[in-house]
Amino acid sequence: MMEEEELEFVEELEAVLQLTPDVQLAIEQVFPSQDPLDGADFNAVEYINTLFPTEQSLANIDEVVNKIRLKIRRLDDNIRTVVRGQTNVGQDGRQALEEAQKAIQQLFGKIKDIKDKAEKSEQMVKEITRDIKQLDHAKRHLTTSITTLNHLHMLAGGVDSLEAMTRRRQYGEVANLLQGVMNVLEHFHKYMGIPQIRQLSERVKAAQTELGQQILADFEEAFPSQGTKRPGGPSNVLRDACLVANILDPRIKQEIIKKFIKQHLSEYLVLFQENQDVAWLDKIDRRYAWIKRQLVDYEEKYGRMFPREWYMTERVAVEFCHVTRTELAKIMRTRAKEIEVKLLLFAIQRTTNFEGFLAKRFSGCTLTDGTLKKLECPPPSTNPFLEDEPAPEMEELAMEKGDLDQPKKPKAPDNPFHGIVSKCFEPHLYVYIESQDKNLGELIDRFVADFKAQGPPKPNTDEGGAVLPSCADLFVYYKKCMVQCSQLSTGEPMIALTTIFQKYLREYAWKILSGNLPKTTSSSGGLTISSLLKEKEGSEVAKFTLEELCLVCSILSTAEYCLATTQQLEEKLKEKVDVSLIERINLTGEMDTFSTVISSSIQLLVQDLDAACDPALTAMSKMQWQNVEHVGDQSPYVTSVILHIKQNVPIIRDNLASTRKYFTQFCIKFANSFIPKFITHLFKCKPISMVGAEQTSPHPLYHLSPDELPAAAESPLFSPHLSRRSEI
């Protein structure tokens with residue numbers, strides 16, 4: 001029974017002493033211990049087994065029991081000391097709490113006393129400053145009233161003076177006074193509900209209206225709109241009136257400018273009426289000479305009358321340009337059949353020169369948004385090799401030297417007056433386009449006639465195949481036309497000119513290049529060679545002469561030059577034309593045409609050399625190889641093939657030195673054509689003996705001597721086969 005009671009007591013004790021993990025962790029941090037008895041997961045059985053792991057260890061059981069009893073007594077003493085120390089803690093705590101409550105009550109009483117004293121002090125300060133605030137408000141209102149009365153006195157006196165000066169036309173004094181009155185009136189906007197203030201404001205507006213009408217009447221009297229007579233002329237009164245107009249409604253200023261310019265150009269409209277001889281394009285210089293004289297006359301007579309910020313000289317010139325553009329467009333529509341190319345170009349040149357003169361003289365600040373189409377600057381190029389565009393003369397020189405492939409940076413026009421008059425010529429530029437069409441047609445016909453008269457180019461073995469001189473002449477003419485047309489217009493006329501360029505690029509490719517390629521015997525009548533040999537052995541082979549080979553190479557080099565230059569021409573045209581029309585510039589078809597000419601020339605050279613080797617291959621297939629008893633030095637057909645290759649390839653190589661890639665294409669195409677044909681004829685040699693097979697030698701390169709191998713290695717025709725010679 002005792003043991004059961006002890007076990008129940010132990011279980012109850014363990015239940016009471018069971019702590020939460022957080023409390024247990026806090027205890028371990030405050031009182032760290034390595035003793036197993038202090039562990040939260042202490043197990044008595046495991047602890048006893050640790051103390052007595054074997055039966056032999058039971059010999060010192062008494063010693064272990066004594067140690068545990070000693071530890072129990074120490075723990076009891078510690079617990080007893082702690083319990084006794086906590087006996088008076090509750091009493092001390094209650095005493096400390098009572099003392100704290102008393103201190104709080106005393107502190108609250110002191111705070112209340114301080115608050116009462118602060119409220120009394122604030123009340124005293126308000127009583128002291130009440131009178132001061134009243135004085136401040138009174139002073140502020142008094143100052144505002146005095147200022148307003150002063151402004152009212154100034155406004156009333158200013159309005160009276162303004163009306164009196166207006167009647168006496170004292171515009172110099174009115175200009176200064178009117179600005180001051182308007183500034184003072186701004187202070188009374190919030191008082192417009194007062195009848196007297198509203199009345200003064202209406203008087204000011206009436207004075208402004210009267211001033212505007214009076215100034216317009218004075219200008220009408222000084223510069224009558226009818227006729228060319230100017231009885232009044234400039235005066236100090238009008239100069240002061242312009243200063244007043246700067247202050248009045250802007251419409252007054254615009255009306256003065258409009259009337260003055262209209263009167264100033266009335267003589268021009270009379271002198272250059274549509275029915276006058278001087279109105280036609282051949283005397284267009286007189287129009288510009290007249291306005292130049294008028295501008296000089298204006299500077300002398302009226303330069304000081306109008307304010308500088310009105311830019312009257314420039315306004316007169318701009319209005320002259322508008323009137324001239326309208327009049328020229330009208331007369332050119334009426335007499336469109338009389339417009340010739342030289343006359344049109346003369347008028348455009350004089351007009352663009354005049355626009356350049358205006359750009360040097362004026363800044364263009366008076367041009368409105370609707371006056372001209374804004375000149376669009378091209379996007380900045382990311383190509384670091386672009387350079388500034390040179391002068392037209394330098395561009396033509398570069399074209400003559402064949403230096404068209406150098407890219408140039410687009411240059412934005414910097415003339416604000418560009419097109420202000422010359423725009424009227426754009427609808428009639430079809431005359432220029434038709435003229436260029438005719439000139440280019442005659443140029444192509446002259447090229448054809450010159451080629452027939454001079455014959456094919458002479459063989460060239462020093463600097464490669466010669467480019468036909470007509471090619472450079474054609475592109476130089478293209479360059480001149482492009483630059484000239486871009487100065488006239490960058491719109492639809494440039495597209496029309498591009499179409500003309502495309503037409504004659506194709507004609508040049510057909511008539512000058514393809515049309516002069518040597519003709520060969522062909523069943524289809526085309527460029528392919530069906531048979532250049534006769535059936536009988538030993539007959540003559542119809543192959544190209546030296547001059548014909550050089551001609552084909554020259555045409556190939558010319559086509560390559562045209563291909564590259566056409567690409568650059570397309571880029572130049574896109575630089576010159578408006579941004580919205582760039583997509584309509586496309587010379588891809590013409591470049592394909594020149595590529596076709598190049599391919600035809602290479603194919604013609606391959607067919608010529610291939611056909612020259614056909615008799616030797618035919619002879620090889622007809623030879624009785626089964627009757628050959630001894631292996632000789634070299635077969636006759638090999639000698640013939642080598643002879644033809646040595647005759648043609650060096651000539652082609654030298655004439656295509658400047659176009660090395662096309663010589664490589666020629667060699668590759670010949671090898672691709674000759675080798676299958678050789679193999680076909682080789683199979684025709686049946687029956688063949690072992691000795692005959694050795695005598696055939698599958699490639700003529702194998703018969704070259706060691707001294708000839710280095711020279712053959714330089715040719716792309718044979719270099720792929722050098723490595724196979726040792727194998728054979």
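In this text the structure is predicted, and so the values were computed from the model without any measurement.

## Things to note about helix H9 (residues 250–264)
In step 1: Here H9 is 15 residues long and its end C-alpha atoms lie 21 Å apart, about the 21 Å a rise of 1.5 Å per residue gives.
In step 2: Considered for burial, the residues of H9 that qualify are Ile252, Lys253, Ile256, Ile257, Phe260, Ile261, Gln263 and His264. The buried residues of H9 occupy an angular sector of 165° when projected down its axis, which confines them to one face. Of the exposed residues in H9, those oriented more than 90 degrees away from the buried face are Arg251, Lys258 and Lys262.
In step 3: Of the surrounding elements, those touching the buried residues of H9 are helix H7 (195–222), helix H8 (236–247), helix H10 (266–271), helix H11 (284–302) and helix H12 (312–334).

## Concerning the packing of helix H19 (residues 588–622) against helix H20 (residues 636–655)
In step 1: Two elements in contact, H19 and H20, have axes whose closest approach is 8 Å; the angle formed by their N-to-C orientations is 170°. Relative to H20, H19 is oriented roughly antiparallel. Where H19 abuts H20, its residues Leu605, Asp608, Leu609, Ala612, Cys613, Ala616 and Met620 lie against Tyr637, Ser640, Val641, His644, Ile645, Asn648, Val649 and Ile652.
In step 2: Of the residues in the contact of H19 with H20, the class split is eleven nonpolar, three polar and one charged.

## Focus: the environment of Gln567
In step 1: Among the structural elements, Gln567 can be located in helix H18 (residues 546–576).
In step 2: Residue class for Gln567 comes out partly exposed when judged on its relative accessible area of 39%.

## Digging into the pattern of salt bridges
In step 1: Per the stated rule, a full pass over the model turns up 19 salt bridges.
In step 2: Put simply, Glu327 and Lys330 hold a salt bridge, and the shortest N to O gap is 3.9 Å. With a gap of three residues between them, Glu327 and Lys330 both fall in helix H12, about one helical turn apart.
In step 3: Taking the relative accessible area as the measure of exposure, Glu327 reaches 18% and is therefore buried.
In step 4: Classification of Lys330 by relative accessible area gives partly exposed; the value is 35%.
In step 5: With a closest N to O distance of 2.5 Å, Arg506 and Glu590 form a salt bridge. Residue Arg506 is found in helix H17 (residues 492–513), and its partner Glu590 is found in helix H19; the two are separated by 84 residues along the sequence.

## Structural notes on the packing of H12 against helix H13 (residues 341–361)
In step 1: It is at 11 Å that the axes of H12 and H13 come closest, and there the two elements cross at 160°. Put simply, H12 runs roughly antiparallel to H13. The hand of the H12/H13 crossing is left-handed. When H12 is examined against H13, the residues Thr313, Ala317, Phe320 and Cys321 are found in contact with a partner set consisting of Phe354, Leu358 and Arg361.
In step 2: Residue composition of the contact of H12 with H13, grouped by class: five nonpolar, one polar and one charged.

## Side note on the side chain of His428
In step 1: By the secondary structure assignment, His428 is in the loop between strand E2 (408–409) and helix H15 (430–454).
In step 2: On the basis of relative accessible area, His428 is assigned to the buried category, the value being 8%.
In step 3: Leave out the neighbours within four places in its chain, and His428 touches Met332, Arg333, Ile339 and Leu344.

## A look at a nonpolar patch on the surface
In step 1: A cluster of nonpolar side chains, Leu19, Val23, Ile27, Val30 and Phe31, forms an exposed patch at the surface whose accessible area comes to about 460 Å².
In step 2: Its location among the elements puts Val30 in helix H2 (residues 21–30).
In step 3: When its relative accessible area of 57% is taken as the criterion, Val30 is described as exposed.

## What to know about the environment of Gly172
In step 1: Structurally, Gly172 can be placed in helix H6 (residues 171–186).
In step 2: A sequence separation of 64 residues divides Gly172 from Asn236, and the C-alpha atoms of the two residues are 8.9 Å apart.

## Overview of the packing of aromatic side chains
In step 1: The final tally for this structure, using the stated rule, is 18 aromatic pairs.
In step 2: Measuring from centroid to centroid gives 6.4 Å for Tyr288 and Phe320, while their planes differ by 80°, and the two rings are edge-to-face. On the criterion of sequence distance, the pair formed by Tyr288 in helix H11 and Phe320 in helix H12 is long-range, its members being 32 residues apart. The pair formed by Tyr288 and Phe320 is uniform in burial state, with each residue classed as buried.
In step 3: Centre to centre, the rings of Phe475 and Tyr478 are 5.9 Å apart; their planes meet at 80°, and the pair counts as edge-to-face. Highlighted residues: Phe475 and Tyr478, both in helix H16 (residues 469–488), separated by three residues, approximately one helical turn. One exposure class covers both Phe475 and Tyr478, and it is buried.

## Some remarks on unusual backbone geometry
In step 1: Backbone geometry places Tyr311, a non-glycine residue, at a positive phi of 50°.
In step 2: Along the chain, Tyr311 falls in the loop between H11 and H12.
In step 3: A relative accessible area of 41% means that Tyr311 is categorised as partly exposed.

## Side note on the nonpolar core
In step 1: Among the nonpolar cores identified, the biggest contains 145 residues, and Phe219, Phe306, Phe425, Tyr508 and Phe666 are the most heavily contacted of them.
In step 2: No other element matches H19, which puts 13 residues into this core.
In step 3: Discounting chain neighbours no more than four positions away, the residues touching Tyr508 are Ile444, Phe447, Leu468, Ser470, Cys471, Leu474, Leu513, Thr558, Cys562 and Phe594.
In step 4: Listed in part, the nine residues of the second largest apolar core include Val159, Val184, Phe188 and Leu200.

## Looking at the confidence of the model for the protein
In step 1: Per-residue confidence for the protein gives a mean pLDDT of 76; residues scoring 70 or more make up 78%.
In step 2: Note on residues 369–413: pLDDT under 50 across the span, and 61 contacts to partners over four residues away in sequence or across chains.
In step 3: Below pLDDT 50 for its whole length, residues 715–728 participates in 26 contacts with residues either more than four positions away or in separate chains.

Each value, and the rule that gives it
Residues numbered from 1 in each chain as written. Predicted model: local features only at pLDDT ≥ 70, side-chain atom pairs only at ≥ 80, totals over all residues. Heavy atoms only, no water. Helix = DSSP H or I, 4+ residues; strand = E, 2+ residues; numbered from the N terminus. Expected span 1.5 Å × (residues − 1). Buried < 20%, exposed > 50% of the residue type's maximum accessible area, 1.4 Å probe, protein only. Arc of directions from axis to C-beta. Contact = heavy atoms within 4.5 Å. Axes fitted to C-alpha atoms, helices over the stretch in contact; angles between N-to-C directions. Parallel < 35°, antiparallel > 145°, perpendicular 65-115°, else oblique. Nonpolar A, V, L, I, M, F, W, Y, C, P; charged D, E, K, R; others polar. Salt bridge = Lys/Arg side-chain N within 4 Å of Asp/Glu carboxyl O. Left-handed = near helix turned anticlockwise from the far one by under 90°. Patch = residues over 30% accessible without salt bridge, like charges linked within 9 Å, V, L, I, M, F, W, Y side chains within 5 Å. Areas by Shrake-Rupley, 256 points an atom, 1.4 Å probe, with all protein chains shown as cover. Phe/Tyr/Trp six-rings, centres within 6.5 Å; stacked < 30°, edge-to-face > 60°. Core = buried A, V, L, I, M, F, W, Y, C linked by side-chain atoms within 4.5 Å. pLDDT = per-residue confidence, 0-100.

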